[in-house]
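Each chain, letter by letter, is given below.
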Amino acid sequence: QQKVQQSPESLIVPEGAMTSLNCTFSDSASQYFAWYRQHSGKAPKALMSIFSNGEKEEGRFTIHLNKASLHFSLHIRDSQPSDSALYLCAVSRGTQVVGQLTFGRGTRLQVYA
Amino acid sequence: AQTIHQWPVAEIKAVGSPLSLGCTIKGKSSPNLYWYWQATGGTLQQLFYSITVGQVESVVQLNLSASRPKDDQFILSTEKLLLSHSGFYLCAWSLRESQNTLYFGAGTRLSVL
């Protein structure tokens, strides 16, 4: 069974800082890797995803994937107070495998002005 | 545009009482549908998924059941609530061809006393 772990559990950073969130997974056959963001009391929302090794950048957000290390990360450049939320990583074996998206417990990020 | 509506927004129920939560998706034909549960401070746990009307797969056993009576409707229920059922229940949908990107509803916050 897939195990997904996130670190750190929580993070407090000043506005403008670079923030790095980590996710490790156990199933080496995993093919889909994603980050979701959940503001307090709200539903999670997909942030970005990646399929192959390397990095992908969208605005202030960059996702890094290293399948050999069973690790991927999310980097937030110029962190803003509006980025304060619970960040959940998610992993699955592929787009055609229904119902096997596994989430981590989340990293709670607080950005102060 | 697709919309997902969950009801009720919140419930306070007694242990042993029945429960019914609902979810409706508009603007998307034959989506995959999911029920997730999130304990306070806990990870997202997938409960059920459905790829078609009348067909529901259980992922974990929590003394809950789910049904999909219509293409756009997903129901979560139990006849007897337990204290451990408290938490945040989220309905989600995904496209058949992009099954990993989940679009969540606003959720139902359930307190069992």
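The structure contained in this document is the topic of the report that follows. In this text, all values refer to a predicted model and were calculated from it rather than measured experimentally.

Examining the interface of chain A and chain B
1) Next: Listed as interface residues are 22 residues of chain A and, on the opposing side, 23 residues of chain B.
2) Next: Buried surface at the junction of chain A and chain B, summed over both partners, amounts to about 1,700 Å²; 50% is from carbon and sulfur atoms.
3) Next: The tally of links between chain A and chain B comes to zero salt bridges.
4) Next: Run the count over chain A and chain B and you get four residue pairs in polar contact (both at pLDDT 80 or more).
5) Next: Mapped by element, the contributors of at least two residues to the side of chain A that touches chain B are β4 (32-38) and β9 (85-92) of chain A.

Some remarks on the environment of Ala 10 of chain B
Residues and elements named next belong to chain B.
1) Next: You can see Ala 10 is positioned in strand β2 (residues 10-13).
2) Next: Residue Ala 10 is classed as partly exposed on the basis of its relative accessible area of 48%.
3) Next: In this structure, the C-alpha to C-alpha distance between Ala 10 and Lys 80, residues 70 residues apart in sequence, is 18 Å.
4) Next: With residues near it in sequence (within four places) discarded, Ala 10 still touches Thr 108 and Arg 109.

Some details on the sheet that holds strand β8 (residues 73-78) of chain B
Strands belonging to one sheet form pairs held by backbone hydrogen bonds; the direction of such a pair is parallel or antiparallel.
Residue and element names in this part refer to chain B.
1) Next: A sheet is described by the order of its strands in space; here four strands give the open sequence β1-β3-β8-β7, paired in antiparallel fashion. In this open sheet, the two edge strands, each paired with only one partner strand, are β1 (3-7) and β7 (65-70). When the angles between neighbouring strand axes are averaged without regard to direction, this sheet yields 20°.

Structural notes on the pattern of salt bridges
Residue and element names in this part refer to chain A.
1) Next: As enumerated under the stated definition, the model contains six salt bridges over all chains in all.
2) Next: For the salt bridge of Asp 27 with Arg 93, the shortest nitrogen-to-oxygen distance reads 2.7 Å. Here Arg 93 lies in the loop between β9 and β10 (102-103) and Asp 27 lies in the loop between β3 (19-25) and β4, a separation of 66 residues in the sequence.
3) Next: The exposure class of Asp 27 is buried, given its relative accessible area of 17%.
4) Next: Arg 37 is the salt-bridge partner of Asp 83, the closest N and O atoms lying 3.2 Å from each other. Residue Asp 83 is located in the loop between β8 (71-76) and β9, and its partner Arg 37 is located in strand β4; the two are separated by 46 residues in the primary sequence.

Rules used throughout
Residues numbered from 1 in each chain as written. Chains lettered and ligands numbered in written order. Predicted model: local features only at pLDDT ≥ 70, side-chain atom pairs only at ≥ 80, totals over all residues. Heavy atoms only, no water. Contact = heavy atoms within 4.5 Å. Buried area = accessible area lost by both parts, 1.4 Å probe. Salt bridge = Lys/Arg side-chain N within 4 Å of Asp/Glu carboxyl O. Polar contact = N/O pair within 3.5 Å; in protein donor to acceptor, adjacent residues only side chain to side chain. Helix = DSSP H or I, 4+ residues; strand = E, 2+ residues; numbered from the N terminus. Buried < 20%, exposed > 50% of the residue type's maximum accessible area, 1.4 Å probe, protein only. Pairing = 2+ DSSP bridges. Axes fitted to C-alpha atoms, helices over the stretch in contact; angles between N-to-C directions.

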